[in-house]
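So you can see what is in the structure, the chains are spelled out below.
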Amino acid sequence: MTSSASTSGFEPGTPAAGDGGAGLHAQWYDGEHARSQEVELSLTSGELCLALPSGDQRRYPRGRVTWPERTRHGVRQLLLPDGGVVELRDAPAWEAWARRHGLADPLAVRWAASWRAALWAAAGLVLLMVGAGVWGVPWLAERSAPLVPQAVRVHIDRLVLEQLRSEGWLEPSQMPAGTAERLRAAVDQMLARAYPDAGRPKVQLDIHRLPGWAGPNAFALPGGQIIISDALLELLPGEGGHFHPGVLGVLAHEVGHVHGEHGLRHLLAASSTAVLLGWWVGDYSSLLVLAPSLFIQAAHSRAFEREADDEALRIMRAAGVDPRGMVAFFTALQRLDPQRGQALPSFGLATHPPDAERARLFETGSR
Ligand SMILES: [Zn+2]
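Reference entry: report on the structure contained in this document. Here the residue numbers are simple positions, counted from 1 along each chain's written sequence. Residue-level local features of this predicted model are given only where pLDDT is at least 70; pairs of side-chain atoms are given and counted only at 80 or more, and the full residue set underlies all totals for whole chains, interfaces and linings.

### A word on the overall build of the protein chain
Thinking step 1. Regarding its fold elements, the protein chain presents 14 helices and ten strands.
Thinking step 2. A total of 367 residues make up the protein chain; the buried ones form 34% of that total.
Thinking step 3. Residues are defined as contacting one another if the C-beta atoms placed from their backbone atoms lie within 7 Å. Sequence-distant contacts, at least 24 apart, represent 64% of the contacts inside the protein chain between residues at least 6 apart. Helix numbers and strand numbers start at the N terminus; a helix is a DSSP run of H or I with at least 4 residues, a strand a run of E with at least 2. Put simply, a residue is buried when 20 or more other C-beta atoms lie within 10 Å of its own C-beta and exposed when 12 or fewer do; between those, it is partly exposed, and each C-beta is set from the backbone.

### Quick word on the sheet that holds strand E7 (residues 171–172)
Thinking step 1. Read from one edge to the other, the open sheet built from four strands follows the order E7-E8-E10-E9, with strand pairing classed as mixed. Where the open sheet ends on each side, the last strands, each with one partner, are E7 and strand E9 (218–220).
Thinking step 2. With two bridges connecting them, E7 and strand E8 (residues 204–209) associate as antiparallel partners. Each bridged residue has a counterpart across the sheet, and for Pro172 the counterpart in E8 is His208.
Thinking step 3. Think of each axis as a best-fit line through the C-alpha atoms, taken over the contacting stretch in the case of a helix, with angles from 0 to 180 degrees between the N-to-C directions. Most of the contacts of helix H8 (residues 245–259) go to E9, to which it runs at about 20°, and overall it touches E9 and strand E10 (225–229). Pairing between strands is defined by DSSP: at least two bridges between the two strands are required.

### Some thoughts on helix H5 (residues 150–166)
Thinking step 1. Expected span, for any helix, means 1.5 Å times one less than how many residues it has. For H5, with 17 residues, the first-to-last C-alpha span of 24 Å sits near the 24 Å given by 1.5 Å per residue.
Thinking step 2. All buried positions along H5 are accounted for by Val152, Arg153, Val154, His155, Ile156, Asp157, Val160, Leu161 and Leu164.
Thinking step 3. Taken from the residues just after H5, Gly168 is the one with a positive phi, measuring 80°.

### Considering the packing of helix H6 (residues 179–194) against helix H12 (residues 302–319)
A pair of packed helices is characterised by two quantities: the angle between their axes and the separation of those axes.
Thinking step 1. Across the interface, H6 lies against H12 with an axial gap of 8 Å and an inter-helix angle of 95°. The pairing of H6 with H12 is recorded here as roughly perpendicular in orientation. Contacts between H6 and H12 involve Met190, Arg193 and Ala194 from the former and Arg314, Ile315, Ala318 and Ala319 from the latter.
Thinking step 2. Its residues assigned to classes, the contact of H6 with H12 shows five nonpolar, no polar and two charged. Should an angle fall under 35 degrees it is taken as roughly parallel, and over 145 as roughly antiparallel, whereas 65 to 115 is taken as roughly perpendicular and any remaining angle as oblique. In this classification, the charged set is Asp, Glu, Lys and Arg, the nonpolar set is Ala, Val, Leu, Ile, Met, Phe, Trp, Tyr, Cys and Pro, and all remaining amino acids, among them Gly, are polar.

### So, unusual backbone geometry
Thinking step 1. A positive phi angle is found at Glu261, which is not glycine, with a value near 55°.
Thinking step 2. Structurally, the position occupied by Glu261 is in the loop between H8 and helix H9 (262–270).
Thinking step 3. A tally of 20 C-beta atoms within 10 Å means that Glu261 is categorised as buried.

### Some thoughts on the environment of Leu43
Thinking step 1. Here Leu43 is to be found in strand E2 (residues 37–43).
Thinking step 2. If we ignore the near neighbours within four places in the chain, the residues touching Leu43 are Leu48 and His101.

### Here we look at the environment of Ala303
Thinking step 1. If you trace the backbone, Ala303 turns up in helix H12.
Thinking step 2. Once the C-alpha coordinates of Ala303 and His262 are considered, the two residues, 41 residues apart in sequence, prove to be 10.0 Å apart.

### Brief notes about the sheet that holds strand E4 (residues 57–61)
Thinking step 1. Taken together, the six strands give an open sheet; going across it, the order is E4-E3-E2-E1-E6-E5, and neighbouring strands pair in antiparallel fashion. Across the chains shown, the open sheet's two edge strands, defined by having one partner strand only, are E4 and strand E5 (76–79). Direction aside, the axes of adjacent strands within the sheet are offset by 35° on average.
Thinking step 2. This element, helix H1 (residues 91–100), spans strand E1 (24–29), E5 and strand E6 (85–88) of the sheet and lies at about 110° to E1.

### Remarks on helix H13 (residues 324–336)
Thinking step 1. In a regular helix each residue adds 1.5 Å, so 13 residues correspond to 18 Å; H13 covers 19 Å between its end C-alpha atoms and thus fits that length.
Thinking step 2. Along H13, the residues that are buried comprise Gly325, Met326, Val327, Phe329, Phe330 and Leu333.
Thinking step 3. In the core, the buried residues of H13 are packed alongside H8 and helix H14 (355–364).

### Quick notes on the packing of H8 against H13
Thinking step 1. Where H8 meets H13, the closest approach of the two axes is 7 Å, and the angle between their N-to-C directions is 95°. With respect to H13, the axis of H8 lies roughly perpendicular. Mapping the contact onto sequence places Pro245, Gly246, Leu248, Gly249 and Val250 in H8 and Gly325, Met326, Ala328 and Phe329 in H13.
Thinking step 2. Class assignment of the residues belonging to the contact of H8 with H13 gives a composition of six nonpolar, three polar and no charged.

Okay, here's the thing in structure tokens:
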């Protein structure tokens, strides 16, 4: 709620905001929307300040900002404590600005600068991989998932979405105007009833046209981004201005994946080294290559699918959404593709466990 450029209340002796016109231009993602805004950064001894084009300012305590590390190439990223990300595309300008403000190289970079440390790091990595092999990567993924901050999860989602877009797999929805808003409101209402207290997963819902091979589908990313396809909404049209309970059920299932941190655990297990390296070095480019294919092929494990189905059933019952909507969903899928049950490529809705078993759960409440 801080606004206007007239700054006051700074600690005595700190340089004035604006920095004598030496502010740094950057792109700011607020962590909620995919679109970035141009901002100007300035830094005092206590705070990082983002000046928005609107004249508003956002301030963050300097110590709570995750500063980018010096890597040899690419865009620098700065993680904000509220889940936002600042992207610095002009690396040399950033370097100069950071030096001028006495931002020391983070430990990892100073480490990597010394070959002896690099050798130790390599030895440590080998030990870690051996350890992962011995104790089991899923175990490691389950334990480490809760340690990944929300800002990093949201950042991963953004990378995955960018990659899916660049592959041409995420086209704008062609559903009637206002569909997304109505669907978000319906899901919001459902989740408010299902999670009356704490523990409600943070999700962001969007509708897209997916490629034909994806079929009617929905999937969830580690940071809570859920995508549902036009084809799924067309497969299960609603009645009387209400969405089909099967649509809400599929979305509840995806919420179940977010709730169980399945996407994150899957990602961590499949790429534990890449993630850990990215964490240390501040460069997630290896994930960029890995993550999208992971989510396209994402047949989650049977255990994850069952967990998500159980959570979906709980959500639907708590919210008064008819669980038999899911039975209609499986029936409609079967009609669409009688071969289903073999190898239909599918995002979040893997064909395992079998549809019949899943339908039975939603029909009878037990397997
Ligand atoms: Zn699933």
